[in-house]
Amino acid sequence: MGFEVPIVLPISKPRKGSSGETGLWRVERPIINESKCIKCWLCWLYCPEEVISEGENGFPVIDLSYCKGCGVCADVCPAKAIEMVREYG
Ligand code: SF4
Ligand code: SF4
């Protein structure tokens, strides 16, 4: 006689604001250069904070209230359209 053990996959779903608004501790912020962007949306796909969305002009926009400045979006951008700049000087 056997019984089935339910399989629960530990899937992580990013949710905007799940870790709260970003304080003053962020060291760098991402800046998108729309003239280089090819709209591949890899930045949107990989952002762990889910703070990238489509702006009115069809290009990605970043909600800096929640962006943690991790730089993942800049790393995955194939067009080098995202630059991380220092927050303070
Ligand atoms: S820096 Fe990190 S948190 Fe901010 S938009 Fe890029 S991937 Fe998302
Ligand atoms: S990853 Fe780079 S090229 Fe692709 S949508 Fe984002 S900013 Fe544009």
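Residues numbered from 1 in each chain as written. Chains lettered and ligands numbered in written order. Predicted model: local features only at pLDDT ≥ 70, side-chain atom pairs only at ≥ 80, totals over all residues. Heavy atoms only, no water.

You'll find the chain entered in an unreviewed UniProt entry as 4Fe-4S dicluster domain-containing protein, with Candidatus Korarchaeum cryptofilum given as the organism. Quoted verbatim from the Cofactor (unreviewed entry) heading of the UniProt record, the comment on the chain is "[4Fe-4S] cluster". (UniProt positions renumbered as here; feature names shortened; annotations may be inferred.)

Undergrad: Break down the overall build of the chain for me, citing the residues and quoting the values.
TA: Counting its secondary structure elements, the chain contains two helices and four strands. The contacts of the chain with a sequence gap of at least 6 include a subset with a gap of at least 24, amounting to 67%. Of the roughly 6,700 Å² of accessible surface on the chain, 56% is carried by carbon and sulfur atoms. (Helix = DSSP H or I, 4+ residues; strand = E, 2+ residues; numbered from the N terminus. Contact = heavy atoms within 4.5 Å. Areas by Shrake-Rupley, 256 points an atom, 1.4 Å probe, with all protein chains shown as cover.)

Undergrad: An account of the nonpolar core is needed here, citing residue identities and associated values.
TA: In this structure, Cys43, Val51, Ile52, Ile62, Cys73 and Ile82 are the most contacted members of the largest nonpolar core, which totals 14 residues. Every element with two or more residues in this core is listed here: helix H2 (72-76) and strand S4 (82-86). Once you skip the residues sitting within four places of it in the chain, Ile62 turns out to touch Pro30, Ile32, Val51, Ile52 and Cys67. (Core = buried A, V, L, I, M, F, W, Y, C linked by side-chain atoms within 4.5 Å. Buried < 20%, exposed > 50% of the residue type's maximum accessible area, 1.4 Å probe, protein only.)

Undergrad: Could you give me a rundown of the site of ligand 1, with the residues and numbers involved?
TA: Neighbouring ligand 1 are 14 residues, the closest being Cys47, Cys67, Cys70, Gly71 and Cys73. Class assignment for the residues of the shell around ligand 1 results in ten nonpolar, two polar and two charged. (Near = heavy atom within 4 Å. Nonpolar A, V, L, I, M, F, W, Y, C, P; charged D, E, K, R; others polar.)

Undergrad: Describe unusual backbone geometry, listing the residues and the values that go with them.
TA: Even without glycine at this site, Lys39 takes up a positive phi of about 55°. Mapped onto the elements, Lys39 comes out in the loop between strand S1 (28-32) and helix H1 (42-46). For Lys39, a relative accessible area of 38% puts it in the partly exposed group. Phi at Glu50 is positive, roughly 50°, even though this residue is not glycine.

Undergrad: Explain the packing of aromatic side chains to me, and be specific about the residues and the numbers.
TA: Enumeration over the complete set of coordinates arrives at zero aromatic pairs. The ring of Phe59 has Lys39 sitting right over it, with the charged end atom 4.4 Å from the ring centre. (Phe/Tyr/Trp six-rings, centres within 6.5 Å; stacked < 30°, edge-to-face > 60°. Lys NZ or Arg CZ within 6 Å of the ring centre and 35° of its normal.)

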